[in-house]
Amino acid sequence: MNSYGDPSSPRGRAQIPGQHGDSGGGARGGGWSAAQEGTAPGRASVTPRGAAGGRASAAGSASVGSASAGRAGAGRASVPVSPAPGAGRASVPVSPAAGGSAGRATVGAAAVGAASAGRASVGSAAVGGVAGRASARASVSPGPGGPGGPTGPGRGGRGAGDPDRSARAKKRKRVNMLIAAFAVLIMLAGLGVVGFTYYSTTVVLPEDTTPPQATTLYAFDNKTVIAKVGTQNRTLVTIDQIPQHVQDAVVAIEDRNFYKHSGVDYKGIARAAWNNLTGGQKQGASTITQQYARNAYDNLKDDTYARKVKEAIFASKLNDEYTKPQIMQHYLNIIYLGRGAHGIEAAAQTYFGKPAKDLNVAEGAVLAALIKQPEAGLNGGHKGYDPAVNPTEAKSRWDDVIRAMIEEGMLNAPGKPAAPTEYPKVKKPNQGGAGIDYGVDTPYGNVINYVKQEMRDQGLCVDDATKVSEEKKLCSQALMSGGYRIRTTIDTKIQKAAVETAQRKTKGSELAGQPKNLMAAVVAINPDNGRVLAYYGGDNGTGTDYAGKNTDANGNVTGGHSPGSSFKIYTLAAALRAQKALESRWKGRAFTPEGTEFKVSNAGNDNPKCGDSCTLKESTLQSLNVPFYHVTQEIGPDKVIKMAADAGVTTMWRTDTNPAKAYDLTKTDPKKIAPSPFFHVVGYGQYPVTVLDHANGVATFANEGVYNKAHFLYSVEERDVNTGKWKKVGGEKLTPKQRIEKDVVADVTSVLEQYPARVNHRLENDRKAASKTGTWEQKPDSPENGDAWMIGYTPQIATAVWVGNLQNRLPLKLKDGRRVSGSNLPGDIWERFMEEAHKTSDDYREKKDFPPAANIGDPNSGNGEAPPPVTPPTPPDCPNPLNPFCPPTGNNGGGNNGGGNPGGPTSPTDPTDPRPGGGGGGDGLLPSLTPRPDDD
């Protein structure tokens, strides 16, 4: 039988045994009466008040019989159990009608009502919305010849000056308070019996519901937490993952009788009621099981007597269904412990940076101390027991926990740990910890967004709510409540290098101190497998991602940046695939294409040094636009788009619409989108692409033409609810594919590896690297730049760097007033990042070489003129090289700005760029506009 009475008894009564006092009188259960000394024990009867009583009450009433004389002894309630013979018995819920034997206390069926006791009414209570009324009046009826009779010192004979009147009034008040307290207990029990059958059949057991769990994202080392997200910061653990001393600490301070009671501690309830009524510290008397029920079920959140009854019923049901260790497991997984941490595992990580299984005794006691009040109350209430907020009281509460553990034999006992003497070190709030949105407001925030998308792409979640199952959650909620453990591809050291190099607010970064409109993005990929090693597209995951795709308020996909001459790597590869050799010659002088109104030029240089006999190799190194326009026109712009898509560019935007319209190159036949809307100017980079896509394309070149899709997800694990162990449910699926011919890539790389020297961005210790710059104008016919790039790779790391505007498309200027070009700020970021990234581990420190050029294609396949005859050099007219009037000799590292002019500060097209060989422009406009190529 449970603790709420025996529903099978004839009257369905829960009975509370009374106990005799020394005087032999007084019902010490639920009622109180006076008995004449020397007579049989009196019993108090609480009867329903109906029509005969003048007041009909749905709640029932209690009336206490009178006695002639005697003193009422204080009652003592022992709850629950069965009927006990003898006096002082209170039965719940049904009582006899008026006129039953006097002295027996019975509480009317259904709920609680007003009580009159010879006229004694007991305090008010509201249970489940049924209100009872009581007036705190008590009178003793006069008896024949006794002290309360007409001639005795009874109440009727007292005068106004009675010296004992005040004392007696105070005594009556205290007694009535006790009556009220015990009546509340009886009323609760009565309601419990009535509602038990209903509530016990509607309890949702823990295995039928799973509390929301946070998802934790780790770096590739599988140790460093880079983000944690969820509606609640919780990670479920099994009882064997919670040390016994942690469980003991919780029991000692929250519920010492946990292993003894049946879910509800009635002695504790009585003790708490007495303490509350006598002015002591307010106590709730809720057991661990009741606390679990209150935290686990939404309908137990309110603070009413009805809730307390239901809470007790739920607790009793849970106690019947589960063992104490199971209840403890459920409790410690759901309890809130402050700082956004729900459950013992999340709290262990939040306060101590370790899993719960590694908590020592002192640390476990800190968490146990937090349960009572983990955070400060409202309106200036208690500050709570977080040691970072209220260290003095947190330490005092911790001392209480340790003391209680010792008293209960949990510490300093045979086979038990020694009691700690020093308070443990606790992490400061948010000091490397993980909250429910930890990582979202950092550069890792964009990584979270990609992980969500990759889980959807892999079918680990579904968008259709009707297809949700235990294995597959709704994609919109998967990360927030799924409790996954996700290992990403991010290398924290390489990520650190990217952020420290490109993030404006980082002291010493390349953007620190630059004009506020400038923004940079960096993406680095491992060519061998497509793993994204570093991703910096902004400072958080809720704003604009400057390295990837975004969706505006109208649902339009945005995010691309015009790549300028950096896109020529795909045009060059497409030409080689079409058997156009590196040494093939092409026209280089500016011209107006037939049927168009715009002029194609080379960064303002209409007549480059190579004239109309420019090789593909030199056209690439000088970033000449005209030859690449001719190449694209001859092989077809669709071939250039196809090459970019094969390399890894998934999206390209047309720029003759507002907003720019995105095209998915993975699903669109290039022949259907070229030459319209993507015209021949695609050959030198007019149409926007993302930094991530460009980095993926570069990685395919670094991997000798073998494509691996750029990805952030390495593995996804889910905890088994029965064993507590993690099981893999998804992750990286490598499908490398030779998308570009090796010989094509070898020839492209043989050209690009000469480029770092051209723009003065060679890597240390003669490390081989291939690179290319690119810029695009701020607006049509403007001399200013709006996008600037540097892309490049070694055999181990491929990186794309973009510099542009944070918001409005303003001219890109350095703090010294120089125009931003690919060879200065983006080049500085690329070089510095690549140097740091290659120092992070042995996987990247080794210097590797590129395959030699294959020299494929037909040297005579271009539209250019034959090379002019080579004439022997003539001796200089100035025999003295120190003569200041003699012209300079030698070359500063190649043509600048696509013009074939000597690079360096004397370059006529970019006098503000101090770098030798400042790169090439490779920029153009829409077919309807006059292109204004610019320097790289």
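**Concerning the overall build of the protein**
- Helix and strand counts for the protein stand at 21 helices and 28 strands.
- Across the 936 residues of the protein, 53% fall into the buried class.
- The contacts of the protein with a sequence gap of at least 6 include a subset with a gap of at least 24, amounting to 69%.
- Put simply, the protein shows about 41,600 Å² of open surface, and 51% of that area lies on carbon and sulfur atoms.

**Side note on unusual backbone geometry**
- In this structure, the amide linkage connecting Asn658 to the following residue, Pro659, adopts the cis form with an omega of 0°.
- As for its position among the elements, Pro659 is in the loop between β18 (651-654) and β19 (661-664).
- Look at the link from Ser676 to Pro677: it is a cis peptide, with omega at 10°.
- Its location among the elements puts Pro677 in the loop between β19 and α17 (691-702).
- The backbone of Ser623 sits at a positive phi, close to 55°, despite the residue not being glycine.
- Relative to the assigned elements, Ser623 resides in the loop between α14 (616-621) and α15 (625-635).
- With phi around 55°, Asp766 is a residue other than glycine that occupies positive phi space.
- By the secondary structure assignment, Asp766 is in the loop between α19 (755-758) and β24 (770-777).

**Considerations on the nonpolar core**
- Within the largest apolar cluster, 124 residues are counted, with the highest numbers of intra-cluster contacts made by Met455, Phe701 and Phe833.
- In this view, Met455 contacts Leu460, Cys461, Leu479, Tyr484, Ile486, Leu713 and Val716; residues no more than four positions away in its chain are not counted.

**Details of the state of the cysteines**
- Enumeration over the complete set of coordinates arrives at 2 disulfides.
- Shown here is the disulfide that connects Cys461 with Cys475, its sulfur atoms set 2.0 Å apart. Between Cys461 and Cys475, the S-S torsion sits near 95°, and that sign places the bridge as right-handed. Of this pair, Cys461 sits in strand β9 (residues 461-462) while Cys475 sits in helix α11 (residues 475-481), and the two are 14 residues apart along the sequence. Assigned by exposure class, Cys461 and Cys475 land together as buried.

**Quick word on the pairing of strand β7 (residues 225-229)**
- Most of β7 sits out of view: 4 of its 5 residues are buried.
- Here strand β6 (residues 215-218) pairs with β7 via 4 bridges, running antiparallel. When the bridges of β7 are listed, Thr215 appears paired with Val229.
- Hairpin connection between β6 and β7: a loop of 6 residues separates the two successive antiparallel strands, and Asn222 in this loop has a positive phi of roughly 65°.

**With respect to the sheet that holds β24**
- In spatial order, the strands read β13-β12-β26-β25-β24; together these 5 strands make up an open sheet with antiparallel pairing. What marks the edges here is a single partner per strand, and that holds for β13 (532-536) and β24. Here the average twist between neighbouring strands, direction ignored, is 10°.
- Looking at chain direction, β24 and strand β25 (residues 785-793) are connected through 8 bridges and run antiparallel. What sits directly across from Thr775, in β25, is Ala788.

**Looking at the pattern of salt bridges**
- Counted by the stated rule, this structure contains 31 salt bridges.
- Linking Asp656 and Arg654 is a salt bridge whose minimum nitrogen-to-oxygen distance equals 2.8 Å.
- Judged by its relative accessible area of 47%, Asp656 is partly exposed.
- The class of Arg654 is buried, set by a relative accessible area of 18%.
- Here Asp842 ties to Arg845 by a salt bridge, and the two come within 2.5 Å at their closest N and O atoms. In this pair, Asp842 and Arg845 are both assigned in helix α21 (residues 842-845), 3 residues apart and thus about one turn of the helix distant.
- Relative accessible area serves as the criterion here: at 42%, Arg845 is assigned to the partly exposed category.
- Each member of the salt-bridge network shares a partner with another, and the members are Arg577, Lys642, Asp646 and Glu741.

**Concerning the pairing of strand β11 (residues 485-488)**
- Of the two faces of β11, both are covered, the one formed by Arg485 and Arg487 as well as the one formed by Ile486 and Thr488.
- Bridge analysis of β6 against β11 gives 3 bridges, and the strand direction is parallel. Note that in β11 the partner of Thr216 across the bridge is Arg485.

**Regarding the packing of helix α2 (residues 244-254) against helix α6 (residues 324-334)**
- At a minimum axis distance of 12 Å, the contact between α2 and α6 shows a crossing angle of 85°. The orientation of α2 relative to α6 falls into the category roughly perpendicular. Judged by residue contacts, Gln247, Val250, Val251 and Glu254 of α2 engage Met328, Tyr331 and Leu332 from α6.
- Among the residues forming the contact of α2 with α6, the class breakdown is 5 nonpolar, 1 polar and 1 charged.

**Observations concerning the environment of Asn233**
- Inspection of the secondary structure assignment puts Asn233 in the loop between β7 and α2.
- Taking relative accessible area as the criterion, Asn233 reaches 0% and is therefore assigned buried.
- Distance from Asn233 to Gly483, taken between C-alpha atoms, is 9.0 Å for residues 250 residues apart in sequence.
- For Asn233, the side chain forms a polar contact with the side chain of Lys228, separated by 3.1 Å.

**Comments concerning the packing of aromatic side chains**
- Summed over all chains, the structure comprises 16 aromatic pairs.
- Centre to centre, the rings of Phe591 and Tyr629 are 5.8 Å apart; their planes meet at 70°, and the pair counts as edge-to-face. Taken as a pair, Phe591 in the loop between β16 (585-586) and β17 (614-615) and Tyr629 in helix α15 lie far apart in primary sequence, 38 residues in all.
- Among the residues examined, Tyr629 registers a relative accessible area of 1% and is labelled buried.
- Centre to centre, the rings of Tyr793 and Phe850 are 5.7 Å apart; their planes meet at 80°, and the pair counts as edge-to-face. One end of the pair, Tyr793, is in strand β25; the other, Phe850, is in the loop between α21 and β27 (895-896), with 57 residues separating them in the sequence.

**Focus on the confidence of the model for the protein**
- Averaged over every residue, the pLDDT of the protein is 77; residues scoring 70 or more account for 66%.
- Between residues 197-201, whose pLDDT stays under 50, and residues either more than four places distant or in other chains, the model counts 4 contacts.

**A word on the sheet that holds β11**
- Within the open sheet, the 6 strands sit side by side as β8-β7-β6-β11-β21-β22. Their pairing is mixed. Every other strand in the sheet has two partners, leaving β8 (437-438) and β22 (726-731) as the edge strands with one partner each.
- In the sheet, strand β21 (residues 713-719) pairs with β22 via 5 bridges, with the strands oriented antiparallel. Counted as the bridge partner of Ser715 is Gly731 from β22.

**Thoughts on the side chain of Thr632**
- Here Thr632 lies in helix α15.
- Excluding residues within four positions of it along the chain, Thr632 makes contact with Thr571, Pro637, Val640, His680, Val682 and Gly683.

**Side note on the packing of helix α12 (residues 492-502) against helix α20 (residues 825-837)**
- Relative orientation of the contacting elements α12 and α20 amounts to 155°, with a least axis distance of 9 Å. Compared by their axis directions, α12 and α20 come out roughly antiparallel. As α12 runs across α20, the sense of the crossing is right-handed. Of α20, the residues touching α12 (which contributes Ile494, Ala497, Ala498, Glu500, Thr501 and Ala502) are Ile829, Arg832, Phe833, Glu836 and Ala837.
- Across the contact of α12 with α20, the residue classes break down as 7 nonpolar, 1 polar and 3 charged.

**Regarding the side chain of Ser861**
- Inspection of the secondary structure puts Ser861 in the loop between α21 and β27.
- Here the side chain of Ser861 touches Asp858 through a polar contact of 2.6 Å, landing on its backbone oxygen.
- When neighbours within four sequence positions are excluded, Ser861 is seen to be in contact with Gln579, Lys580, Ala581, Ser584, Trp586 and Glu634.

**Quick notes on the environment of Ala347**
- For Ala347, the location among the structural elements is in helix α7 (residues 344-352).
- Classification of Ala347 as buried rests on a relative accessible area of 0%.
- Taking the C-alpha atoms as reference, Ala347 lies 6.3 Å from Leu337; in sequence the two are 10 residues apart.

Criteria and thresholds
- Residues numbered from 1 in each chain as written.
- Predicted model: local features only at pLDDT ≥ 70, side-chain atom pairs only at ≥ 80, totals over all residues.
- Heavy atoms only, no water.
- Helix = DSSP H or I, 4+ residues; strand = E, 2+ residues; numbered from the N terminus.
- Buried < 20%, exposed > 50% of the residue type's maximum accessible area, 1.4 Å probe, protein only.
- Contact = heavy atoms within 4.5 Å.
- Areas by Shrake-Rupley, 256 points an atom, 1.4 Å probe, with all protein chains shown as cover.
- Core = buried A, V, L, I, M, F, W, Y, C linked by side-chain atoms within 4.5 Å.
- Disulfide = S-S within 2.5 Å.
- Pairing = 2+ DSSP bridges.
- Axes fitted to C-alpha atoms, helices over the stretch in contact; angles between N-to-C directions.
- Salt bridge = Lys/Arg side-chain N within 4 Å of Asp/Glu carboxyl O.
- Parallel < 35°, antiparallel > 145°, perpendicular 65-115°, else oblique.
- Nonpolar A, V, L, I, M, F, W, Y, C, P; charged D, E, K, R; others polar.
- Polar contact = N/O pair within 3.5 Å; in protein donor to acceptor, adjacent residues only side chain to side chain.
- Phe/Tyr/Trp six-rings, centres within 6.5 Å; stacked < 30°, edge-to-face > 60°.
- pLDDT = per-residue confidence, 0-100.
- Left-handed = near helix turned anticlockwise from the far one by under 90°.

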